[in-house]
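# Structure at a glance
One letter stands for each residue in the lines below.
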Amino acid sequence: MSYLVDAAQAQLRAAVSTAAQKAVEAGVFPTLPQGEFRIEVPQNRGFGDFSANAAMAWAKELHQSPRSIAQTLAEKLDLCDTYFEKADFAGAGFLNFYLGAEYYAAILLDIRAKGEDYGRSDWGGGRKVNVEFVSANPTGPMHMGNARGGALGDCLAAVLERAGCKVSREFYVNDAGNQIAKFALSLDVRYRQLFEGDNAPALPEDAYQGTDITALAKAYADEHDSSLLALSEEARRQALVAYALPKNISAMQNTLTKYRIIYDRWFFESELHNSGQVKDLLTQMDELDLTYERDGAVWYKASEHGGEKDEVLVRANGVPTYFAADIAYHRDKLLTRAFDEAIDIWGADHHGHVARMQGALDALGLDGAKRLKVILMQLVRLMSGGEVARMSKRTGNAITLTDLLEDIPVDAARFMFNLREPETQMEFDLDLAVQQSSQNPVYYCQYAHARACSVLRKLAETGKPLRQCNADELALLTTPEERELIAHLAALTGETEAAARLYDPAKIARYCIELSTLYHKFYAACRVNCEDEKLSAARLFLCDCVRSVLHSQLTLFKITAPEEM
RNA sequence: GCGCCCGUAGCUCAGGCGGAUAGAGCAACUGCCUUCUAAGCAGUGGGUCACAGGUUCAAGUCCUGUCGGGCGCGCCA
C-alpha cells in the first residue's frame, strides 16, 4: 500500500536530488552532495505544505551558505509531473513546497473510495500483539486507575489493529497467592462477626477493610446460613472465596462491558499453577542455572541479568511468589501462544518491576527487552468543583469505576482518558465530563460530526444530494479553510502509525479535535449550499469525507457519533 | 542514600526524529445568527519553555549539574 503523502514526499526527494545533479553539471556545486536531508511539514502553513532542509544539511560539504544553496536548488527544481505547483526558499535556507489542486482532489477521492477503511495502515505487517490491561485485583472493586487503564488499553488495542497488527485483548486475573489468602481471611472474619458477636476475632489491620467484604460475607450468610462455623477454618475460607470470587469477577465483567470493553481472554493466574506451568518454569530456570537456594527459598539471579538485586521465586514455605507466576505468564504469552509482542499497562508504581521482568524473559531467551513493552500509566487526579475528589459523595468510599460510570457518560470517559500521553500524570475534571457543552472535547467532536450529517441531510432534502465528483470539480476547493481541512484529512494514516508506534492513542483523540476545529472553521467560512453547482457539490463531497473520517475515528474509540444533536 | 518519571501562558495540556515568529483549550474582554446545527466562528490580552552551564549554522527538544514535584527500592502484588 502506498499513500499519497508518501508519494508526494518521494517526489520532492527526487526533485531536490535532480536539482542538485543539475547544479553540479552547471558547475555551481563543486560535488554532488551526499548528506541526508529531511522533508517535513512546517509548523506555520505560510511556509508551504512541505519543506526540505537540504541546503542547511549540505552547507558544510559544498562550502556555500545555506541560502545560496537553497537559491540554486530552487532555480533548478523541476516540479513537472508532481503534485506540487511551486517552490521557493526562505529563512535560513529552507526550501518550501506548495501542493497543487490535483493533490487535494486525489486525497478526497481516496477517502471516498476507501470509506471507513481510509486511514488504515499495514504498518504492523500482521504482527500478533497481546494487550493486557486493567487486570484489577479481584478482591475488591475497580478504582480510578482502572478507569484510565481501561480506556487507554482498549483504544490502544484498537489503534494497533487499525495500524495493521493482529491484536488480542486480555485481562489477567490474580486469583491465586497472598492477596487471595488475605481476601479469604477478611471474608472469614466478617462472616464470623455476623454470628459470634464479641467472640469473633477483630479484622487485622492489613486485611481488606472495605465495606464490600462485609457485604459479601452477609450475602453468603443470607443465601446460606451459619453452617460454615462448624467447618475447619480452612474449609470455611475456601467456601467463602468460592462464593465471593466469581461474584467479584462477574461484577468486574459487567462494569467493563458497560465501559464497552470486551476482552478476547480472561486469563486466570490459578491456571498457571494448576497446569504445572509455574513448576515447569522453575525447572527450566534451574536448568539454565538462573536460580540458587538460600535461607530455604529459591532465588533468581536477577543481579546477573540486569536487575538491581536477586529476587525470591519460591518462598521458604514452598509457595511461589507473584514474580514467578508472572514470568510463567509472560512465557506463556511469548512462547506458548507465540505473540510477537506483549504490551502490559501497569500503574506507574510498578516501574521497579519492568527491568527485572524483561531481564528474566531475556534470560529465558525470549528477548524481553524488545518483545515486552510495559506502559507505565501515571495516576489520575480526579477534580470536582476545583478540588481534588477522592471520595464518592454518594457512597462515602473511594470512587470506583462503577461510581464513575454512573456519574459521567461512557463517551466522555473513554475520550477524556485518552487526551493525555499515558505516561504523564493527568487531571480528570468530573464537572467537565458531564457538561454537554463546547468545553467538553468529546461533544465538540460529536457536534462536528452531527453538523456534517445535518448539511448532507439538508442538501439532500433540497434536491442536491451528495454525488460523486471528479478531480476537476474537487479542484475548485481552493480557500485556505478548505485546503487546511483536506491537508489534515490527508494526515490520518501517518497519525495512526505514529499513535501505534508510540503506543499513544491520545494522538488520535487530538487528531479528532483538530479535524473538528478545521471543519467548524470551514463551515463558518464556506457556504456549502451555494450558487455554483459544481463548487457546492465539491464542498458537500468534502463534508462527507469529514463525516466519514470523524465517524471512523470516534467509532474506533467506541464513542458514539450522533447524526443529530 | 540509590533508581525511574515529570517541570512549557493564571489553569489543563500539545510540541515522534534539534529547524523559521513556541501552539491549542479553559478562564477574561469584544464582535458575528432574515440562508446549510451559535454545542459554532472571528478578534484582543497573556511566555526568563524551573535554573545554570555545555554541544552547533540552529536547543523547549540533545548532554552535565542544581532546585522543585511524583513514584519505587518486601520471602507484597
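Everything numeric in this text was worked out from a predicted model, so none of it was measured.

## Digging into the pattern of salt bridges
This structure, assessed with the given rule, holds 30 salt bridges. A salt bridge links E170 to R337, with the nearest nitrogen and oxygen atoms 2.8 Å apart. Taken together, the positions of E170 in strand β6 (residues 166-173) and R337 in the loop between α11 (322-336) and β11 (341-347) put the pair 167 residues apart, joining distant regions of the chain. Of the charged contacts, one joins R356 and E311 as a salt bridge, the two residues approaching to 3.5 Å between their closest N and O atoms. Here R356, found in helix α12 (residues 351-363), pairs with E311, found in strand β10 (residues 311-314); they are 45 residues apart in sequence, far enough to count as distant. Its relative accessible area of 23% is what places R356 among the partly exposed residues. A relative accessible area of 14% means that E311 is categorised as buried.

## Considering the state of the cysteines
Scanning all chains against the criterion turns up zero disulfides. Summary of cysteine pairing: C545 is not part of a disulfide, and the nearest cysteine sulfur, belonging to C469, is at 9.3 Å.

## Quick word on the domain arrangement of chain A
Domain assignment breaks chain A into domain 1 (3-99), domain 2 (133-274 + 378-434) and domain 3 (438-556). A C-alpha centroid distance of 31 Å is found between domain 1 and domain 3. Taken together, the contacts link four residues of domain 1 with six residues of domain 3. Interface area for domain 1 against domain 3, summed over the two sides, is near 370 Å², with a carbon-plus-sulfur share of 55%. Ranking the residues of domain 1 by area buried against domain 3 places Y3, V5 and R45 at the top, with a combined share of 85%. Run the count over domain 1 and domain 3 and you get zero salt bridges. Our count for the domain 1 to domain 3 interface comes out at zero residue pairs in polar contact (both at pLDDT 80 or more). For the side of domain 1 that touches domain 3, the class distribution of residues is three nonpolar, no polar and one charged.

## A closer look at the packing of helix α4 (residues 101-114) against helix α22 (residues 533-556)
It is at 10 Å that the axes of α4 and α22 come closest, and there the two elements cross at 55 degrees. In this view, α4 runs oblique relative to α22, as classed from their interaxial angle. The interaxial crossing formed by α4 with α22 has left-handed handedness. Contacts from L108, L109, I111 and R112 in α4 reach F541, L542, D544, C545 and V549 in α22. Here the residues of the contact of α4 with α22 sort into seven nonpolar, no polar and two charged.

Cut-offs used in this document
Residues numbered from 1 in each chain as written. Chains lettered and ligands numbered in written order. Predicted model: local features only at pLDDT ≥ 70, side-chain atom pairs only at ≥ 80, totals over all residues. Heavy atoms only, no water. Salt bridge = Lys/Arg side-chain N within 4 Å of Asp/Glu carboxyl O. Helix = DSSP H or I, 4+ residues; strand = E, 2+ residues; numbered from the N terminus. Buried < 20%, exposed > 50% of the residue type's maximum accessible area, 1.4 Å probe, protein only. Disulfide = S-S within 2.5 Å. Domains from an automatic or database assignment. Contact = heavy atoms within 4.5 Å. Buried area = accessible area lost by both parts, 1.4 Å probe. Polar contact = N/O pair within 3.5 Å; in protein donor to acceptor, adjacent residues only side chain to side chain. Nonpolar A, V, L, I, M, F, W, Y, C, P; charged D, E, K, R; others polar. Axes fitted to C-alpha atoms, helices over the stretch in contact; angles between N-to-C directions. Parallel < 35°, antiparallel > 145°, perpendicular 65-115°, else oblique. Left-handed = near helix turned anticlockwise from the far one by under 90°.

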